[in-house]
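# Remarks on the overall topology
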Amino acid sequence: MSSKELEVLEDFITQNNLKITRQRRSVLKAFLDSEEHVSAEELYKLVTASEPKVGLATVYRTLALLIQSGLASELDFGDGQKRYEHKYMHSHHDHMICTECGKIIEFNHPLIEKFQEEVAARNGFTITSHKLDMFGMCSDCR
Ligand SMILES: [Zn+2]
Ligand SMILES: [Zn+2]
């Protein structure tokens, strides 16, 4: 696990008078080891493979800390479960979601980003964040 990310979490935790427990550390490690867009249940399975005592509630609470400290972002593709991905030191991207197999493809297109800024400026609007989710079928399912 990158010590930078553990440092970020530890700083956040001490600033907020919380404790960095062994269990929270294991959740962070499992999260960082996975490069997928994991749900809390999937992360729970990954953590308990090495730390069977960690409960689902701890996974949820640690995920909340990861979001607050800027290490994770929460995604909602409307399939009834939230997903989480790395945020720290990761550049902005958008997602394509296959409605058949659930595959998630990341993409970034400079013109899409630029046009969003243009549309916003034309409306006197300042964008603080955005997300673009495209739903459809991947090449395997089509
Ligand atoms: Zn597919
Ligand atoms: Zn992503």
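Residues numbered from 1 in each chain as written. Chains lettered and ligands numbered in written order. Predicted model: local features only at pLDDT ≥ 70, side-chain atom pairs only at ≥ 80, totals over all residues. Heavy atoms only, no water.

## Notes on the coordination of the zinc ion (ligand 2)
- Binding of the zinc ion (ligand 2) to the protein goes through His37 (NE2), Glu85 (OE), His93 (NE2), His95 (NE2) and Glu106 (OE), at separations of 1.9 to 2.2 Å.
- Sequence positions of the donors to the zinc ion (ligand 2) reduce to the motif H-x47-E-x7-H-x1-H-x10-E. On the criterion of sequence distance, the pair formed by Glu85 in strand β3 (residues 82–86) and Glu106 in strand β5 (residues 104–107) is long-range, its members being 21 residues apart.
- Glu85 sits in the buried class, given a relative accessible area of 8%.
- Residue classification places Glu106 among the partly exposed positions, given a relative accessible area of 41%. (Donors = N, O, S within 2.8 Å, 3.2 Å for Na, K, Ca; no water. Helix = DSSP H or I, 4+ residues; strand = E, 2+ residues; numbered from the N terminus. Buried < 20%, exposed > 50% of the residue type's maximum accessible area, 1.4 Å probe, protein only.)

## Comments concerning the sheet that holds strand β4 (residues 94–98)
- Spatially, 3 strands are ordered β5-β4-β6 in an open sheet, and the strand pairing comes out mixed. Of all strands in the sheet, those with a lone pairing partner are β5 and β6 (133–136), marking the two edges. Sheet twist, expressed as the mean angle between neighbouring strand axes with direction ignored, is 20°. (Pairing = 2+ DSSP bridges. Axes fitted to C-alpha atoms, helices over the stretch in contact; angles between N-to-C directions.)

## Focus: the domain arrangement of the protein chain
- Here the protein chain is described as being made up of domain 1 (3–86) and domain 2 (94–136).
- Look at where the C-alpha atoms of domain 1 and domain 2 centre, and you get two points 25 Å apart.
- Tallying the contact residues gives 6 residues for domain 1 and 7 residues for domain 2.
- A buried area of about 510 Å², summed over both sides, lies between domain 1 and domain 2, and 64% of it is on carbon and sulfur atoms.
- Considering only the surface of domain 1 that becomes buried against domain 2, His37, Asp76 and Phe77 emerge as the three largest contributors, covering 82% of it.
- Joining domain 1 to domain 2, the criterion identifies 0 salt bridges. (Domains from an automatic or database assignment. Contact = heavy atoms within 4.5 Å. Buried area = accessible area lost by both parts, 1.4 Å probe. Salt bridge = Lys/Arg side-chain N within 4 Å of Asp/Glu carboxyl O.)

## A short note on the sheet that holds strand β2 (residues 72–76)
- With antiparallel pairing, 3 strands are arranged side by side in an open sheet as β1-β3-β2. Bordering the open sheet on either side are β1 (38–39) and β2, each of which pairs with just one other strand.
- Relative to β3, β2 runs antiparallel, the two sharing 5 bridges. Bridging across to β3, Glu74 finds its partner in Tyr84.
- On top of the sheet, helix α2 (residues 22–33) reaches β1, β2 and β3; it is set at about 80° to β3, its chief contact.

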